[in-house]
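Coordinate analysis (summary)
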Amino acid sequence: MTAYSKIPVTIVTGFLGAGKTTLIRHLIATARGRRLALVINEFGDVGVDGDILRACSNDACGEDSIVELANGCLCCTVADDFLPAIEGLLALPNRPDHIVVETSGLALPKPLVKAFDWPEVRARLTVDGVVAVVDARAVADGRFADDPAALLAERAADTAIDHDNPLEEVYEDQLLAADLVVLNKADLIDADALAGVEGEIRAAIPRAVKVIRATEGRVDAGVALGLFAAAEDDLAARPSHHDGADAHHDHDDFVTFVVDVPAAADPESLVAELRRIAGEHDVLRVKGWVEIAGKPMRLLVQGVGTRFQYRYDGPWRRDAPRAGRLVVIAERGLDEAAVRTALAA
């Protein structure tokens, strides 16, 4: 790290539930003496991702080096949220060797990269690289259109389409800004489907970008950190659907809310019910902790669509009640009252 005159920053982006937080846990575990600092940005009042990373922090990343921003999308609030967070990290007695920024699943990375071109930031920091985490299974299922040019041509030819799908735009913008694409959850699809997804991603990015396959976000810090991309000097090579003076990025298409949930009898029946609710109401993302009756540890639950993972991740905090809370993210139009009632039942 002594080769740097500026502190390198890695931006980890990716759609909802792609595995960004899990990847960062592996970066912490493989830091090999480097002091990391984390800036975590997520929607919702419950800081699930920040708590997950605090639970695994070690000498590479102490608790005072984890900053959580839950005031909305970081790409929209760079001046208000990101810069003060960075100032706080740079003021630590032991300054970090490397800063890792995890954006929310709805964030566009390019506005954040642009912030590093500001004089007060450029003098001290550089974007070492943008790492885009992709859910291989979701893309293989056809959830996104990976060819921006073909997508725009299709929309232009179809007079019934009078608006853009923000989910597709967000996904594509994350790929187009990337220096490294992590094709995560590669174990969930067969080899042919995986090769097809990788080919679509390479075709969608108009420059040479490394694409690697991963399972459960297992990417070594030696691979993801130290890309030396200086992305703030390379903005023209990172096209975006939202380029232009009047371009903006609107989150009104999404809704996020928190539900207090009662203790469950067992994890299996809980997750079966969550799958039903997610499928019935087209929920994009569910994450949080639930109390299991008679168990001393909290159950971490994370869902993408109807696919759920769960595990006991540690004891309940002594300074907080044993209360289950889940963050729900969905497209606007969701019957929020019905979802709240179902989750609280």
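Note that this is a predicted model, so its numbers are computed, not measured. (Residues numbered from 1 in each chain as written. Predicted model: local features only at pLDDT ≥ 70, side-chain atom pairs only at ≥ 80, totals over all residues. Heavy atoms only, no water.)

1. A word on the overall build of the protein chain
In terms of helices and strands, the protein chain carries 12 helices and 12 strands. Evaluated residue by residue, the protein chain yields a buried proportion of 56% over its 345 residues. Long-range pairs, those at least 24 residues apart, make up 79% of the contacts in the protein chain between residues at least 6 apart in sequence. When the accessible surface of the protein chain is split by element, carbon and sulfur atoms take 50% of a total near 15000 Å². (Helix = DSSP H or I, 4+ residues; strand = E, 2+ residues; numbered from the N terminus. Buried < 20%, exposed > 50% of the residue type's maximum accessible area, 1.4 Å probe, protein only. Contact = heavy atoms within 4.5 Å. Areas by Shrake-Rupley, 256 points an atom, 1.4 Å probe, with all protein chains shown as cover.)

2. As for the side chain of Thr103
With respect to the helices and strands, Thr103 occurs in the loop between strand 4 (98–102) and helix 4 (109–115). When its relative accessible area of 2% is taken as the criterion, Thr103 is described as buried. In terms of polar contacts, Thr103 uses its side chain to reach the side chain of Thr13, at 3.5 Å. Aside from chain neighbours lying at most four places away, what touches Thr103 is Ile11, Val12, Thr13, Lys20, Asn41 and Leu112. (Polar contact = N/O pair within 3.5 Å; in protein donor to acceptor, adjacent residues only side chain to side chain.)

3. Considerations on empty space enclosed by the protein
Overall, the coordinates contain 1 cavity of 30 Å³ or more when judged by the stated rule. In this structure, the largest cavity occupies an estimated 40 Å³ of space. Around the largest cavity, the lining residues are Leu274, Ile277, Ala278, Val283, Val286, Phe308, Val328, Val339 and Leu343. For the lining of the largest cavity, the secondary structure elements donating two or more residues are helix 11 (267–281) and helix 12 (336–344). At 3 residues, helix 11 tops the list of elements feeding residues into the lining of the largest cavity. Of the residues in the lining of the largest cavity, the class split is 9 nonpolar, no polar and no charged. (1 Å grid on protein atoms, 1.4 Å probe; cavity = no way out; pocket = protein on both sides within 12 Å on 5 of 7 lines; lining within 4 Å. Points joined across faces, edges and corners; volume = space filled by probe spheres on them. Nonpolar A, V, L, I, M, F, W, Y, C, P; charged D, E, K, R; others polar.)

4. Looking at the nonpolar core
Core analysis: the biggest nonpolar cluster contains 25 residues, and Ile99, Phe116 and Leu125 have the highest contact counts within it. Counting only elements with at least two residues in this core, the list comes to strand 1 (7–14), strand 2 (36–41), helix 3 (78–90), strand 4, helix 4 and strand 5 (125–135). Sorting elements by how many residues they give to this core places helix 3 first, with 6 residues. Apart from the residues lying within four places of it in its own chain, the contact partners of Phe116 are Val9, Ile11, Phe82, Val121, Arg122, Leu125, Thr126, Val127 and Glu232. One finds Ile277, Ala278, Phe308 and Leu334 within the second-largest nonpolar core, a separate group that totals 24 residues. (Core = buried A, V, L, I, M, F, W, Y, C linked by side-chain atoms within 4.5 Å.)

5. Quick notes on unusual backbone geometry
A positive phi angle is found at Arg32, which is not glycine, with a value near 55 degrees. With respect to the secondary-structure elements, Arg32 resides in the loop between helix 1 (20–29) and strand 2.

6. Comments concerning the packing of helix 11 against helix 12
One way to put it is that helix 11 packs onto helix 12 with a least axis distance of 10 Å and a crossing angle of 170 degrees. Classed by the angle they form, the pair helix 11 and helix 12 counts as roughly antiparallel. Counting all contacts with helix 11, which are made through Leu274, Arg276, Ile277 and His281, the residues of helix 12 involved are Ala338, Val339, Ala342 and Leu343. Across the contact of helix 11 with helix 12, the residue classes tally to 6 nonpolar, 1 polar and 1 charged. (Axes fitted to C-alpha atoms, helices over the stretch in contact; angles between N-to-C directions. Parallel < 35°, antiparallel > 145°, perpendicular 65-115°, else oblique.)

7. Some words on the pattern of salt bridges
Inspection of the entire model under this criterion finds 20 salt bridges. With its nearest N and O atoms 3.5 Å apart, the salt bridge here joins Arg137 to Asp141. Among the residues examined, Arg137 registers a relative accessible area of 29% and is labelled partly exposed. The class for Asp141 is partly exposed, based on a relative accessible area of 48%. (Salt bridge = Lys/Arg side-chain N within 4 Å of Asp/Glu carboxyl O.)

8. Considering the environment of Val259
Mapping Val259 onto the fold places it in strand 8 (residues 254–261). The sequence separation of Val259 and Gly288 amounts to 29 residues, and the corresponding C-alpha distance is 9.6 Å. Every residue in contact with Val259, bar those within four places of it in the chain, is listed here: Gly324, Arg325, Leu326, Arg340, Leu343 and Ala344.

9. A look at helix 1
For helix 1, the set of buried residues is Lys20, Thr21, Leu23, Ile24, Leu27 and Ile28. Here the buried residues of helix 1 occupy an arc of 155 degrees about the axis, which is enough to place them on one side. (Arc of directions from axis to C-beta.)

10. Focus: the pairing of strand 11 (residues 307–315)
Direction of pairing for strand 10 (residues 297–304) relative to strand 11: antiparallel, over a ladder of 8 bridges. Its bridge partner lying in strand 11, Gly303 is registered against Phe308. Once strand 10 ends, the chain turns through 2 residues before running back antiparallel as strand 11, passing Gly305 with a positive phi of about 60 degrees. (Pairing = 2+ DSSP bridges.)

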